Amino acid sequence: MDNIWKSIRFKYIFACILITFIVSCIISISPISIDECKCEGNAQANQHLKQVSDEVNAHKQKAEHRLAILVPFRDRFEELLIFVPHMQKFLDKQNIDYHIFVLNQVDRYRFNRASLINVGFLETEKAFDYIAMHDVDLLPMNDQLSYAYPSTGPHHISSPDLHPRYHYLTFIGGILLIKREHFIQVNGMSNKYWGWGLEDDEFYVRLKEAGLSISRPQNISTEKHNTFKHIHDRNHRKRDMAKCYNQREVTRKRDRQTGLNNVSYKILNTVKMTISDISLTVINISLLCDKSSTPWCECEKLVGSKDQGRSKEKNKTSNSKLATGL
């Protein structure tokens, strides 16, 4: 009897040990299963975020054409801080594939907007299909203003019907889009316009002589006072409107000697810059001046002259004959 009981007890103990071992194994495996569930949950969350990101990107496909926004620049940092975030917000709504290039003139000569644009074009033409000749102090406010590729001809966004200050019919300053082929066709802009004003009037004549039709925004819901915001402070930064030597006579005529093919310059360096997490490129440009051709690239008559005090509106209107080919 004792032997039977011992045998049963041994079998019972063995069974308990076996059950305990099996339960321990199951418990030891359980945490791994839990972690796996957590990983699946994270994977599902990541997949959801990816789907959301893909949906956002689907609404913002890269455009067929790339836009180089060329901003002629000198000592306008406060305006640039306003310009860059505004343009990002504005252009992202249009799914424009663009990059901003600040064409920073660092030489000792007077400001030359047209030559800077020529340089900017030469430095970007291989990677971009069209350019925006864009003043840093003019901000588009109406989403109906399109920065799309101007396939049929130059597109003047800041039309005289909409610009807050300049309203004569041949005005094409402020913001102008032009594709690469057309800018090359007219040999870019004149390099003779040192100081402020008239370079866009001369460019208008080039476009018309080439038979290029200039389009402008149509059926815009805003008007001259609320389509653009002009952020330039004339009291803080006076325009360099002085005229010296024979500058006034020469700049009233069509320039057939200079342009994209002979702009003279050196690139000092190129700087990648970020404003409000927006990447842009600053090209530091030193323009060179042939004083036998344009001695007015340096002019002592800069401050306090009668020319300096003349408003652009009057100056532009009196010289509008240039835009008709005089």
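See above for the structure.
Please read these numbers as outputs of a predicted model, since none were measured by experiment. In this convention, every chain numbers its residues from 1, walking through the sequence in written order. Local features in this predicted model are restricted to residues of pLDDT 70 or higher, and side-chain atom pairs are both shown and tallied only at a pLDDT of 80 or more, whereas totals for entire chains, interfaces and linings draw on every residue. Computation of side-chain values covers all heavy atoms of the structure but excludes hydrogens and water.

Visitor: Now, about the sheet that holds strand E5 (residues 155–156): what can you tell me, with residues and values included?
Guide: Here seven strands make up an open sheet; going across it, the order is E5-E6-E3-E1-E2-E9-E8 and the pairing mixed. The sheet is open, and its two edges are formed by E5 and strand E8 (265–275), each paired on a single side. Any two strands with at least two DSSP bridges between them are considered paired. A run of H or I in DSSP becomes a helix once it reaches four residues, and a run of E becomes a strand once it reaches two; helices and strands are each numbered from the N terminus. Examined bridge by bridge, strand E2 (residues 97–105) and strand E9 (residues 278–287) share five bridges and lie parallel to one another. The residue bridging Leu103 from the neighbouring strand is Ile283, located in E9. What makes two residues a contact is simply this: any of their non-hydrogen atoms within 4.5 Å. Structural elements are reduced to axes, namely lines fitted to C-alpha atoms, with helices fitted over the stretch in contact, and the angle between N-to-C directions of any two is expressed from 0 to 180 degrees. Strand contacts of helix H2 (residues 77–92): strand E1 (66–73), E2, strand E3 (130–134), E8 and E9, with the helix running at about 165 degrees to E2, the strand carrying the most contacts. Of the strands in this sheet, E1, E2, E3, E8 and E9 touch helix H3 (residues 113–124), which is tilted by about 145 degrees from E1.

Visitor: Go over the pairing of E9, please, and point to the residues and values.
Guide: Categorising residues by exposure relies on relative accessible area from a 1.4 Å probe, with only protein chains included: less than 20% of the type maximum marks a residue as buried, more than 50% marks it as exposed, and the intermediate range marks it as partly exposed. The buried fraction of E9 is high, at nine of 10 residues. Bridge analysis of E8 against E9 gives 10 bridges, and the strand direction is antiparallel. Bridging from a neighbouring strand, Tyr265 pairs with Leu287 of E9. What sits between the antiparallel neighbours E8 and E9 is a turn of two residues, in which Ser276 has the positive phi angle 55 degrees.

Visitor: Before we move on, can you summarise the state of the cysteines with the specific residues and values?
Guide: Here a disulfide denotes a covalent bond joining the sulfur atom of one cysteine to the sulfur atom of another. The disulfide criterion used throughout: a pair of cysteine sulfur atoms within 2.5 Å. Applying the stated criterion across every chain yields a total of two disulfides. Sulfur-sulfur distance for the disulfide between Cys244 and Cys299 comes to 2.3 Å. Of the two residues, Cys244 is situated in the loop between strand E7 (228–230) and helix H6 (247–250) and Cys299 in the loop between E9 and helix H7 (306–309); the sequence distance between them amounts to 55 residues. The burial state of Cys244 is the same as that of Cys299; both residues are buried. With its disulfide-bonded cysteines labelled consecutively along the sequence, the protein is connected as 1-4, 2-3.

Visitor: Outline the nonpolar core, listing residues and values.
Guide: Only buried residues count toward a nonpolar core, which is a set of Ala, Val, Leu, Ile, Met, Phe, Trp, Tyr and Cys residues joined through side-chain atoms within 4.5 Å. Residues Leu70, Ile131, Met133, Phe183, Phe203 and Leu207 are the most contacted members of the largest nonpolar core, which totals 35 residues. Ile100, Leu145, Tyr147 and Ile278 belong to the second-largest nonpolar core, a separate cluster that totals 32 residues.

Visitor: So what's going on with empty space enclosed by the protein? Residues and values would help.
Guide: Of the two site types, the cavity is a set of points on a 1 Å grid over the protein atoms alone where a 1.4 Å probe fits but cannot get out, and the pocket is an open set with protein on both sides within 12 Å along at least five of seven lines, each lined by residues with an atom within 4 Å of a point. Grid points are joined across faces, edges and corners, and a volume is the space filled by probe spheres set on the points. Taken as a whole and assessed by the stated rule, the structure comprises one cavity of 30 Å³ or more. Estimates place the volume of the largest cavity at around 40 Å³. In this classification, Asp, Glu, Lys and Arg are treated as charged, Ala, Val, Leu, Ile, Met, Phe, Trp, Tyr, Cys and Pro as nonpolar, and every other residue, Gly included, as polar. Taken together, the residues that form the lining of the largest cavity break down as four nonpolar, four polar and two charged.

Visitor: Give me the lowdown on the pattern of salt bridges, citing residues and values where you can.
Guide: Salt bridges, as used here, are contacts in which a Lys or Arg side-chain nitrogen is within 4 Å of a carboxyl oxygen on Asp or Glu. Applying the stated criterion across every chain yields a total of 19 salt bridges. The salt bridge partner of Arg108 is Glu298, with a shortest N-O separation of 2.9 Å. Linking Arg108 in the loop between E2 and H3 with Glu298 in the loop between E9 and H7, this pair joins segments that are 190 residues apart in sequence. By relative accessible area, Glu298 is classed as partly exposed at 27%. We note a salt bridge from Glu209 to Arg256, for which the minimum N-O separation is 2.8 Å. Highlighted residues: Glu209 in helix H5 (residues 199–209) and Arg256 in the loop between H6 and E8, separated in sequence by 47 residues. For Glu209, a relative accessible area of 42% corresponds to the partly exposed category. Overall, the relative accessible area of 57% leaves Arg256 in the exposed class. Here the residues in one salt-bridge network are Lys192, Glu202, Arg206, Glu209, Arg254, Asp255 and Arg256, joined through shared partners.

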